[in-house]
Amino acid sequence: MKTVAVTRVGNLRAEDADERGLIGLADFPAQPLGPEDVRIRVAYAGICGSDPHVAEGYFGTEVPIGLGHEISGVVEALGERAHRTGLGVGDRVAGNFLRFCGTCLPCRDGRQQFCEFIQEYNRPGMAETVTWHESQVYRLPDDVSLRQGALLEPVSVAVRIADKTRLRVGDRVVVCGGGPIGQLALQVLKLHGATSLTMIEPIAERREMALRGGADHVIDPLAEDQGARAEEITGGRGFDVVIDASGSTRAVPGLLDLAAHGATVIYGAMYPADYELPLNLSSFLYLKELTLTGVFVSPYAFPRAVQLLPHLRLDDFTRAVYDLDDAVAAFAEHLSGRHPKVLIRCNDIPDGS
Ligand SMILES: [Zn+2]
Ligand SMILES: [Zn+2]
């Protein structure tokens with residue numbers, strides 16, 4: 001089955017063509033349809049900011065490495081016992097690329113993100129079809145298109161970030177990094193009652209997008225004094241919630257200075273495996289009592305992400321679309337940063353939008 005994959009491990013941006021990571025189409029074996037499984041004919045699969053990390057061998061180096069964990073599509077077949085979610089053939093769906101088994105100790109302890117069998121059903125969705133366990137699959141609301149539906153997984157990450165903020169209505173919030181997760185987190189926190197909502201982002205188009213998405217303020221960290229702007233916006237008290245969605249090791253050290261006393265700071269991106277953040281324990285944990293946390297995956301967030309989809313502004317995320325055979329061009333477009341999201345059309349399925 002035709003699947004977009006990393007065919008050579010390496011940095012996709014490497015100058016030297018011999019060292020550069022490569023994306024291509026590979027032929028993967030068809031996935032078995034187990035009794036509780038759902039086979040989805042994939043409509044759209046989004047390219048994720050983590051895909052270049054996968055290409056660098058972050059999760060393994062044996063090629064080909066199949067890609068695609070942000071998908072929408074139509075149910076093509078159901079296993080004989082796949083009836084607990086009420087899905088039927090032809091339903092428009094999206095889902096969680098991870099299956100939480102429900103049986104291991106972390107799953108039974110309310111911590112699905114640490115499921116010991118989390119990779120068992122992690123199958124690449126940038127393909128003609130993908131087969132997942134029924135517990136991974138969600139029916140899309142009627143007023144959400146298949147293109148928009150492909151955003152369900154990143155929206156679930158934004159919901160998880162919101163959960164971890166423990167935001168109180170009216171809290172002051174700053175988001176660093178206007179990529180897809182930063183923009184979606186900003187929109188979700190706006191709905192959640194965030195105030196003085198600020199986006200820190202060096203690219204002008206992304207700052208404009210944040211303003212369309214509900215930001216009250218934007219800061220260009222390259223042209224402005226970020227600390228002075230934050231003081232002005234918060235009356236010198238700092239932000240109650242600070243979110244990093246940039247993953248940038250240049251951006252993260254300065255974020256602690258923006259946090260108010262008692263604030264929660266969320267490192268909501270992927271970081272280089274060898275990066276260590278300098279942290280003054282006296283200033284930030286003793287005197288300021290900050291809570292520092294991160295987000296690995298998004299357990300318990302999908303049902304609410306489905307509810308939120310029709311209420312989010314997703315136009316900016318659904319404009320760049322490439323066919324499966326043009327996956328190489330799609331990744332080049334992703335790396336250019338011109339679009340917050342690049343979608344791959346895996347099958348031509350009529351869509352509402
Ligand atoms: Zn992703
Ligand atoms: Zn489990």
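Note that this is a predicted model, so its numbers are computed, not measured. (Residues numbered from 1 in each chain as written. Chains lettered and ligands numbered in written order. Predicted model: local features only at pLDDT ≥ 70, side-chain atom pairs only at ≥ 80, totals over all residues.)

**Some thoughts on the packing of helix 4 (residues 152-165) against helix 5 (residues 180-191)**
Between helix 4 and helix 5, the least distance of the axes is 8 Å, while the angle of their chain directions is 55°. Looking at the two axes, helix 4 sits oblique to helix 5. For the element pair helix 4 and helix 5, the recorded crossing hand is right-handed. Along its contact with helix 4, which presents P154, V155, V157, A158, V159, I161 and A162, the element helix 5 presents P180, I181, L184, A185, V188 and L189. For the contact of helix 4 with helix 5, the class distribution of residues is 13 nonpolar, no polar and no charged. (Axes fitted to C-alpha atoms, helices over the stretch in contact; angles between N-to-C directions. Helix = DSSP H or I, 4+ residues; strand = E, 2+ residues; numbered from the N terminus. Parallel < 35°, antiparallel > 145°, perpendicular 65-115°, else oblique. Left-handed = near helix turned anticlockwise from the far one by under 90°. Contact = placed C-beta atoms within 7 Å. Nonpolar A, V, L, I, M, F, W, Y, C, P; charged D, E, K, R; others polar.)

**A few points about helix 6 (residues 204-212)**
Listed as buried for helix 6 are R206, M209 and A210. All buried residues of helix 6 project into a common sector of 100° when viewed along the axis, lining one side. Among the exposed residues of helix 6, those pointing more than 90 degrees away from its buried face are A204 and R212. Where helix 6 is buried, its residues touch helix 5, strand 10 (195-200) and strand 11 (217-219). In the segment just after helix 6, G214 is the residue with positive phi, at about 115°. (Buried ≥ 20, exposed ≤ 12 C-beta atoms within 10 Å, placed from the backbone. Arc of directions from axis to C-beta.)

**Quick look at the sheet that holds strand 2 (residues 22-27)**
Pairing in this open sheet of three strands is antiparallel, and the strands run 2-1-4 from one edge to the other. The open sheet is flanked by strand 2 and strand 4 (65-66), the only strands paired with a single partner. Pairing of strand 1 (residues 2-8) with strand 4, which is carried by two bridges, proceeds in the antiparallel orientation. Bridge pairing links A5 to G66 in strand 4. With respect to the sheet, helix 10 (residues 327-336) is in contact with strand 1 and strand 2, its orientation differing from that of strand 2 by roughly 150°. (Pairing = 2+ DSSP bridges.)

**A closer look at the sheet that holds strand 9 (residues 172-176)**
Strand order in the open sheet made by the six strands is 11-10-9-12-13-14, with parallel pairing throughout. Each edge of the open sheet is held by one strand with a lone partner, namely strand 11 and strand 14 (291-294). Pairwise comparison of adjacent strand axes, ignoring direction, gives a mean angle of 15° for this sheet. Relative to strand 13 (residues 259-267), strand 12 (residues 239-244) runs parallel, the two being bridged by five bridges. By the bridge assignment, F239 is partnered in strand 13 with A259. Where helix 4 meets the sheet, its contacts fall on strand 12, strand 13 and strand 14, and the angle it forms with strand 13 comes to roughly 150°. Across the sheet, helix 5 touches strand 9, strand 10 and strand 12, and the angle it forms with strand 10 is around 175°.

**Focus: the nonpolar core**
Counting residues in hydrophobic clusters, the biggest one holds 97 residues, and the most contacted among them are V155, A158, A185, V242 and I344. In terms of residue count, the dominant contributor to this core is helix 4 (seven residues). Both domains that meet at this core, namely domain 1 (2-151 + 314-345) and domain 2 (159-294), each give it at least three residues. Once residues lying within four places of it in the same chain are set aside, the contact partners of V242 are V174, L255, L258, A259, A263 and V265. (Core = buried A, V, L, I, M, F, W, Y, C linked by C-beta atoms within 7 Å. Domains from an automatic or database assignment.)

**A word on helix 4**
Along its 14 residues, helix 4 runs 20 Å from first to last C-alpha, staying within 8% of the 20 Å computed at 1.5 Å per residue. Burial in helix 4 covers these residues: L152, E153, P154, V155, S156, V157, A158, V159, R160, I161, A162 and T165. Just past helix 4, the residue R166 takes up positive phi, approximately 50°. (Expected span 1.5 Å × (residues − 1).)

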